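Structural overview
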Amino acid sequence: MTKIVEKYFEKNDFKNRVEDILKIVCDKTHFEPEKVIFRGMIYDEDKLGSVIYKGIYKNKDAVLKLQGLRPETDEIDIIASFKHDVKSNKIRLPKLFEASHWNEKDNYGYLITEYITAPHIFEMPFATDTQMARFSEFYQEYRTSIVQPFIQKSEDEKVAADFVLRRISMWDKIAAAKGLLPKRLSNKKVNQIIERFKKIQSAELKNVKMVFSHGHLTANDIYDNGSEFILLSNLYWSYRPELYDLVFGLHWCLENIQDNNYTFEEYLAYIDKWLTHFYEIPFVKNDHDAKRKINLMLLERTMGGILLDTGSQAEDNKFANHLLKLQTEFFDLLGTKIENKDYL
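A few points on the structure. Predicted model, so just to flag it, every value in this text is computed and none were measured. (Residues numbered from 1 in each chain as written. Predicted model: local features only at pLDDT ≥ 70, side-chain atom pairs only at ≥ 80, totals over all residues. Heavy atoms only, no water.)

**Observations regarding the sheet that holds strand β4 (residues 91-92)**
Here three strands make up an open sheet; going across it, the order is β4-β9-β8 and the pairing mixed. This sheet does not close on itself; its edge strands, each paired only once, are β4 and β8 (222-224). Relative to strand β9 (residues 229-231), β8 runs antiparallel, the two being bridged by three bridges. When the bridges of β9 are listed, aspartate 224 appears paired with phenylalanine 229. (Pairing = 2+ DSSP bridges. Helix = DSSP H or I, 4+ residues; strand = E, 2+ residues; numbered from the N terminus.)

See the structure below:
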């Protein structure tokens, strides 16, 4: 498992070394950087884990990723394993041109891959019905072709309830360290939400399995050229509760809503639109317990939103307060639905 969030409290000087590392790697590989296209931070700017550059490699457009945090499984190995183990004509990972594993001596690794010119499967936050149907096609292919795990299951990935409760404990600690959530929501309300979450998930996750998954399937991580899908954020392959990967992208659509006039009714209607498509995916349709699992994963993602993704946004984020109100209201509704076995 690649424990990205758990590295929040680790000391890391990568941010101070990036420019030096870039020069070393470019001198070695002759990669010509043009611009930064992504900075992988763990919630705070000073907790930099990776930087991705667009540039030229051997006269071709390419991407250089500098990896500052030690991954449990190196992305280089993930790409190689995927190519060897996954039998799909429709899903692939970026082509790898040159790479070096993260190592203790250098305290960094890098990889140079193709530059993807295909568009995202859709642009968040809002997808059309056609785009939702296309995502459903992707998910069916992904779930029926990724049958051979290429990463070992760790001890803390074996029991769904333990996994989820351990994560909320980590989120709670990070939120406390950032100190922004109490400015938006009272400690009493936060504690009530956490206790309700723990009670529901402890009871409901007993029959939910941990399955091999891509743990970060947002629209920004799926490129669609019309004939195949190319997946990014491949450090996130690991084990997650069933259907977590399906709900994850919906959560990040909701997280990207930047409209302080967006009503709770609109929020629910958008979720319902996605769920209508989800429930028609053959892989989902064949699971008699899918609605309950999806509702549980929606609750898990909403909990993450309340504590960190929304609740711990910077104070100058002018949309966070309104979105947090929508999320807390949704948490209350969804919790009641699950308790009454009246699923969305």
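**Digging into unusual backbone geometry**
The phi torsion of most residues other than glycine is negative, and most of the peptide bonds are trans. With an omega of 15°, the peptide bond between methionine 124 and proline 125 qualifies as cis. As for its position among the elements, proline 125 is in the loop between β6 (108-114) and α3 (129-145). A positive phi angle, close to 70°, is found at histidine 30, a residue other than glycine. Note on placement: histidine 30 falls in the loop between α1 (14-29) and β1 (32-41).

**Regarding a negative patch on the surface**
Taken together, the side chains of Asp259, Glu265, Glu266 and Glu329 present a region of like negative charge at the surface. Inspection of the secondary structure puts glutamate 265 in helix α7 (residues 264-278). (Patch = residues over 30% accessible without salt bridge, like charges linked within 9 Å, V, L, I, M, F, W, Y side chains within 5 Å. Areas by Shrake-Rupley, 256 points an atom, 1.4 Å probe, with all protein chains shown as cover. Salt bridge = Lys/Arg side-chain N within 4 Å of Asp/Glu carboxyl O. Lys, Arg positive; Asp, Glu negative; His and termini not counted. Charge placed at Lys NZ, Arg CZ, Asp CG, Glu CD.)

**Some details on the layout of surface pockets**
As a volume, the second largest pocket reaches approximately 300 Å³. Lining of the second largest pocket is provided by 15 residues; of these, Ile79, Phe82, Lys83, Arg92 and Leu93 occupy positions nearest its centre. Residue assignment for the lining of the second largest pocket shows that the elements contributing at least two residues are α2 (75-85) and β4. Counting residues per element, the lining of the second largest pocket draws most heavily on α2, which supplies four residues. A per-class count over the lining of the second largest pocket returns eight nonpolar, two polar and five charged. (1 Å grid on protein atoms, 1.4 Å probe; cavity = no way out; pocket = protein on both sides within 12 Å on 5 of 7 lines; lining within 4 Å. Points joined across faces, edges and corners; volume = space filled by probe spheres on them. Nonpolar A, V, L, I, M, F, W, Y, C, P; charged D, E, K, R; others polar.)

**Comments concerning helix α10 (residues 320-339)**
Taking 1.5 Å as the rise per residue, α10 with 20 residues should run 28 Å; its terminal C-alpha atoms sit 28 Å apart, in good agreement. Regarding α10, the residues found buried are Ala320, Leu323, Leu324, Leu326, Gln327, Thr328, Phe330, Phe331, Leu334, Gly335 and Ile338. Buried residues in α10 make contact with α5 (187-204), α6 (244-255), α7 and α9 (290-309). At the C-terminal side of α10, lysine 341 shows a positive phi close to 55°. (Expected span 1.5 Å × (residues − 1). Buried < 20%, exposed > 50% of the residue type's maximum accessible area, 1.4 Å probe, protein only. Contact = heavy atoms within 4.5 Å.)

**Regarding a positive patch on the surface**
A surface patch of like charges, here positive, comprises Lys58, Lys60, Lys83 and Lys95. Assignment of secondary structure puts lysine 83 in helix α2. Accessibility expressed as a relative area gives 71% for lysine 83, which makes it exposed.

**Concerning the nonpolar core**
Across soluble globular proteins, nonpolar side chains have a tendency to be buried as a group. With 85 residues, the main nonpolar core has Phe138, Trp237, Tyr267, Trp274 and Ile294 as its most contacted residues. Ranked by the residues each element gives to this core, the list is headed by α9, at 10 residues. Beyond its immediate chain neighbours, meaning those up to four positions away, isoleucine 294 contacts Leu243, Leu246, Val247, Leu275, Phe278, Tyr279 and Val284. Core analysis: the next-biggest nonpolar cluster, separate from the first, contains 17 residues, Tyr57, Ala62, Leu66 and Ile112 among them. (Core = buried A, V, L, I, M, F, W, Y, C linked by side-chain atoms within 4.5 Å.)

**Topic: the pattern of salt bridges**
Evaluation of the coordinates by the stated rule reveals 28 salt bridges. A salt bridge links aspartate 332 to arginine 196; the nearest nitrogen and oxygen atoms lie 3.8 Å apart. One end of the pair, aspartate 332, is in helix α10; the other, arginine 196, is in helix α5, with 136 residues separating them in the sequence. Among the charged side chains, a network of salt bridges with common partners joins Lys189, Arg196, Asp332 and Glu339.

**Regarding the environment of glutamine 313**
Take glutamine 313: it is sitting in the loop between α9 and α10. A relative accessible area of 30% means that glutamine 313 is categorised as partly exposed. Expressed as a C-alpha distance, the spacing of glutamine 313 and leucine 48, which sit 265 residues apart in the sequence, is 17 Å. Contacts of glutamine 313, omitting those with residues within four sequence positions, involve Leu180, Arg184, Leu308 and Ala320. Among the polar contacts listed, one links the side chain of glutamine 313 to the side chain of asparagine 317, at a separation of 3.3 Å. (Polar contact = N/O pair within 3.5 Å; in protein donor to acceptor, adjacent residues only side chain to side chain.)

**Focus on the pairing of β6**
The side chains of a regular strand alternate between the sheet's two faces. Counting buried positions over the seven residues of β6 gives seven, a clear majority of the element. Pairing analysis gives six bridges linking strand β3 (residues 60-67) to β6, with the strands arranged antiparallel. Along β6, the bridge assignment pairs glutamine 67 with glycine 109. In this structure, the hairpin formed by strand β5 (residues 96-103) and β6 is closed by a connection of four residues, where asparagine 107 is found at a positive phi of approximately 65°.

**A short note on the packing of α5 against α10**
Between two packed helices, both the angle of their axes relative to each other and the distance between the axes serve to describe the pair. Axis separation between α5 and α10 bottoms out at 11 Å; the angle between their running directions is 30°. Taken as axis vectors, α5 and α10 run roughly parallel relative to one another. The crossing of α5 and α10 is left-handed. Facing α5, whose interface residues are Lys189, Ile193, Arg196, Phe197, Ile200 and Glu204, α10 presents Thr328, Phe331, Asp332, Gly335, Thr336, Ile338 and Glu339. For the contact of α5 with α10, the class distribution of residues is five nonpolar, three polar and five charged. (Axes fitted to C-alpha atoms, helices over the stretch in contact; angles between N-to-C directions. Parallel < 35°, antiparallel > 145°, perpendicular 65-115°, else oblique. Left-handed = near helix turned anticlockwise from the far one by under 90°.)

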